[in-house]
Amino acid sequence: LTPEIETFIRGVMDDWKIVGLQMCAVLPSGKTEYSAFGFRDDEDRPVDLDTYFGIASCSKAFCCFALSQLMQDYSTGRSLTPTLKPLPSGLKTFDWQTPIAKLMPDKWALFDPYVSDRAAPIDLVAHVTGVASHDLIYVPGETAEEVIARLKYLKPSRGLREEPQYNNLMYMAVQTLIADLSGIPYTEFIKTRIFDPVGMTSSTFDVEAARASQNFSQGFTFTGPDEDIKRAEPHFIHDNGSVDLLAGPGGILSNVKDMSKWIKTLLAKGMDPSGNTPLVSEQLFKVMTQGRYLSEINGALFPELSPAIYSCGWFRYSLQGHELFAHTGGTMGISAYTYIAPNDNMGFCLLSNTGGVQPALRSIVHRIVEQQLGLKEIDWSARYLALMAEAETAQEDEIVPRSVDAAALQLELSRYCGTYKNAAYGSFTLHGPGSSPSIKGDAVISAFAAVNSSPSAPFPDEAHTTPQLYAEYNRIWCTHLRFRHKEGDIWNVSGEALYPEGWGADKTPF
């Protein structure tokens, strides 16, 4: 990595407000380079190459790789997992087209019986079951199996294989299938069949062990109306009690030293880094990475890119005529990017502790690729910043402020307070002015009062002018729900992660 590239990376970090970053580059020459930038926590301790980061949805490729390994075990009649179980009664083969209903007859059911009977593993991992994301149905402490038991309550929004709709729930189903067939926990299968043979000795799902290392990156977000207030926030999987819930969709913790070994395995089409052992057949590897469903249905974002197609935990597209497969990861306080250019024998992984900056990571990789291959150099960072600004403006234009002459509530505000239940989403209790006093209700109102009066208040203009109701709603992606009255019986609802006592070194609310 030349001084010019390092300067470029630091400039991108400044433009995108990235707090900390790790990067590895496996180059066509065979050389692997590593870099670390910025800070891992709110005490300004520097990121190093051993710092743990969540890789978020870059974990999905591991899930699909593991599923391919199981398919190979059954097809060859040989397995490195001694606890492997026989296929369910009546099944002779197991491949990407085997109906999930036959693989998990007692655990799998969707709302639509037609789709439930026909959906196959390839449909789940390519996000084409017709079921939307529904990311607020799962609760910290649940297992993946407990969540997929509620899939039958979710009405589909598309037909089977009609259109991709990104879905973590289906990866929970796949990880459950892997655990059921292998006879061991999903996390153990990933460790014994991928981490260990690849040599990823630091990689883990164990949040508490990573935290105990004293080298686990905090996440960061920028809050407030102008998104200019930097705040540290916790890892989205708070403790090991929630590890099983999101292990398949996004639970891996790693660093770029380990991820470079994963990249080399992918460049070798599934061969371990020693070059002695194929971890999966070349044919199964091809299925995983070839792409199957058009993801960018409206076309590519820029003329130098092809529209992306998706399959098995990877997006496949081309950059200035050079093929690649890649995947981003993004949660609260995490942005990650894994990039493989198979025909150019080159790959990258970037891990960051700042949420929502995946385009910045892509911009860094594109610049290095263009330099390595002698391609036209494009200011991808400026392009993506402009694109995001346009999107934010369009989003703001769609938000219609509550009119001063909006139709009034049809009931007194307090009449809307109470408990609401849904078979898939669970229950929540709305509290607000005039609701029955209770310890829990008072705590909810107090939490919102603290955040509403802070510089990070998300709706400062409405805090004292718009009727609002509040609920605790403890989920992975939020802690509370805010109901803001629009007109009549129409409400704007937002899920929010509230920290009324702050988090990390800063104890002020946000």
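The structure presented is a predicted model; accordingly, all values stated were derived computationally and were not measured.

Q: What is the right way to look at the overall build of the protein chain in this model?
A: Counting secondary structure elements, the protein chain contains 15 helices and 17 strands. On C-alpha atoms alone, the protein chain measures out to a radius of gyration of 24 Å, which is about the 24 Å that the 2.2 N^0.38 rule sets for 510 residues. Along the longest, intermediate and shortest principal axes, the C-alpha atoms of the protein chain span 70 × 60 × 45 Å. Here the protein chain holds 510 residues, and 53% of them are scored as buried. Of the contacts formed within the protein chain by residues at least 6 apart in sequence, a portion of 64% connects residues at least 24 apart.

Q: How should I be thinking about unusual backbone geometry in this particular structure?
A: The general pattern is negative phi for most residues beyond glycine and trans for most peptide bonds. Although it is not a glycine, His134 adopts a positive phi angle of roughly 50°. Relative to the assigned elements, His134 resides in the loop between helix 5 (121–125) and helix 6 (144–148). Overall, the relative accessible area of 18% leaves His134 in the buried class. With a phi angle near 55°, Asn345 is a residue other than glycine that sits in the positive phi range. Examined against the element boundaries, Asn345 turns out to sit in the loop between strand 11 (334–341) and strand 12 (346–352). On the basis of relative accessibility, which here comes to 37%, the residue Asn345 falls in the partly exposed class.

Q: Please explain the pairing of strand 1 (residues 20–26) as it appears in this structure.
A: As a general feature of sheets, a regular strand has side chains that alternate between the two faces. The buried count for strand 1 comes to 7 of 7 residues, which makes it a mostly enclosed element. By the alternation rule, side chains of strand 1 split into Gly20, Gln22, Cys24 and Val26 and Leu21, Met23 and Ala25, which are all buried. By the bridge criterion, 7 bridges tie strand 1 to strand 2 (residues 32–38) in an arrangement that is antiparallel. By the bridge assignment for strand 2, Gly20 is matched with Gly38. In sequence, strand 1 turns back onto strand 2 through a hairpin of 5 residues, with Gly30 there showing a positive phi of about 95°. Alignment of strand 1 against strand 12, held across 6 bridges, turns out to be antiparallel. Among the inter-strand pairings, Leu21 is bridged to a residue of strand 12, identified as Ser352.

Q: Sorry if this is basic, but what is going on with helix 7 (residues 168–182) here?
A: For an α-helix the count is 3.6 residues per turn, leaving residues at separations of three or four pointing the same way. With 15 residues, helix 7 extends 21 Å from end C-alpha to end C-alpha; this agrees with the ideal 21 Å at 1.5 Å per step. Two or three places before Leu169, at the opening of helix 7, Asn167 has a side-chain oxygen 2.7 Å from that residue's backbone nitrogen. One or two residues past the end of helix 7 sits Gly183, with phi positive at roughly 80°.

Q: Explain a negative patch on the surface to me, please; I cannot follow it from the model alone.
A: Taken together, Asp226, Glu227, Asp228, Glu392, Glu396, Asp397 and Glu398 make up a surface patch of like negative charges. Note that Asp397 resides in helix 14 (residues 380–398).

Q: Sorry if this is basic, but what is going on with the sheet that holds strand 8 (residues 309–311) here?
A: Sheets are built from strands paired through backbone hydrogen bonds, the pairs being either parallel or antiparallel. Taken together, the 8 strands give an open sheet; going across it, the order is 2-1-12-11-10-9-8-7, and neighbouring strands pair in antiparallel fashion. The sheet is open, and its two borders are formed by strand 2 and strand 7 (293–294), each paired with just one other strand. Across the face of the sheet, helix 12 (residues 282–289) comes into contact with strand 8, strand 9 (314–319) and strand 10 (322–331) while running at roughly 75° to strand 9.

Q: Which parts of the structure should I look at to understand the domain arrangement of the protein chain?
A: The domains assigned to the protein chain are domain 1 (3–63 + 187–396), domain 2 (85–182) and domain 3 (413–496). The partner domain 3 presents 6 residues to the 9 residues of domain 1 that form the contact. A combined buried area of about 650 Å² lies between domain 1 and domain 3, and 71% of that area is made up of carbon and sulfur atoms. The tally of links from domain 1 across to domain 3 stands at 0 salt bridges. Our enumeration of links across domain 1 and domain 3 arrives at 1 residue pair in polar contact (both at pLDDT 80 or more). Here the residues of the side of domain 1 that touches domain 3 sort into 6 nonpolar, 3 polar and no charged.

Q: When you look at the packing of aromatic side chains in this model, what are you seeing that I'm missing?
A: When we look at a pair of aromatic rings, we describe it by the centre distance and by the angle of the planes. Tallied over the entire structure, the rule returns 22 aromatic pairs. Both rings, one in Phe285 and one in Phe325, keep their centres 6.4 Å apart while their planes meet at 70°; by these two values the pair is edge-to-face. Placement of Phe285 in helix 12 and of Phe325 in strand 10 is noted, with a sequence separation of 40 residues between them. No difference in accessibility class separates Phe285 from Phe325, as the two residues are buried. The structure contains a cluster of three or more aromatic residues connected by ring pairs, namely Phe62, Phe65, Tyr186, Phe195, Phe205 and Trp262. Over the ring of Tyr337 we find Arg362; its NZ or CZ atom is 5.5 Å from the centre of that ring.

Q: Just to check I follow, could you spell out the pattern of salt bridges for this structure?
A: Opposite charge on two side chains permits pairing when their charged atoms draw close. This model, assessed by the stated rule, comprises 19 salt bridges. Among the ionic pairs, Arg45 bridges to Glu43, the shortest N-O distance being 4.0 Å. Taking relative accessible area as the criterion, Arg45 reaches 32% and is therefore assigned partly exposed. Glu43 gets classed as exposed once you look at its relative accessible area, which sits at 55%. The residue Lys191 makes a salt bridge to Asp196 at a minimum N-O spacing of 3.2 Å. Using a relative accessible area of 42% as the deciding quantity, one classes Asp196 as partly exposed. Here the salt bridges do not stand alone but share partners, grouping Asp41, Glu43 and Arg45 into one network.

Rules of the game
- Residues numbered from 1 in each chain as written.
- Predicted model: local features only at pLDDT ≥ 70, side-chain atom pairs only at ≥ 80, totals over all residues.
- Heavy atoms only, no water.
- Helix = DSSP H or I, 4+ residues; strand = E, 2+ residues; numbered from the N terminus.
- Rg over C-alpha atoms; globule rule 2.2 N^0.38 Å.
- Buried < 20%, exposed > 50% of the residue type's maximum accessible area, 1.4 Å probe, protein only.
- Contact = heavy atoms within 4.5 Å.
- Pairing = 2+ DSSP bridges.
- Expected span 1.5 Å × (residues − 1).
- Polar contact = N/O pair within 3.5 Å; in protein donor to acceptor, adjacent residues only side chain to side chain.
- Patch = residues over 30% accessible without salt bridge, like charges linked within 9 Å, V, L, I, M, F, W, Y side chains within 5 Å.
- Areas by Shrake-Rupley, 256 points an atom, 1.4 Å probe, with all protein chains shown as cover.
- Salt bridge = Lys/Arg side-chain N within 4 Å of Asp/Glu carboxyl O.
- Lys, Arg positive; Asp, Glu negative; His and termini not counted.
- Charge placed at Lys NZ, Arg CZ, Asp CG, Glu CD.
- Axes fitted to C-alpha atoms, helices over the stretch in contact; angles between N-to-C directions.
- Domains from an automatic or database assignment.
- Buried area = accessible area lost by both parts, 1.4 Å probe.
- Nonpolar A, V, L, I, M, F, W, Y, C, P; charged D, E, K, R; others polar.
- Phe/Tyr/Trp six-rings, centres within 6.5 Å; stacked < 30°, edge-to-face > 60°.
- Lys NZ or Arg CZ within 6 Å of the ring centre and 35° of its normal.

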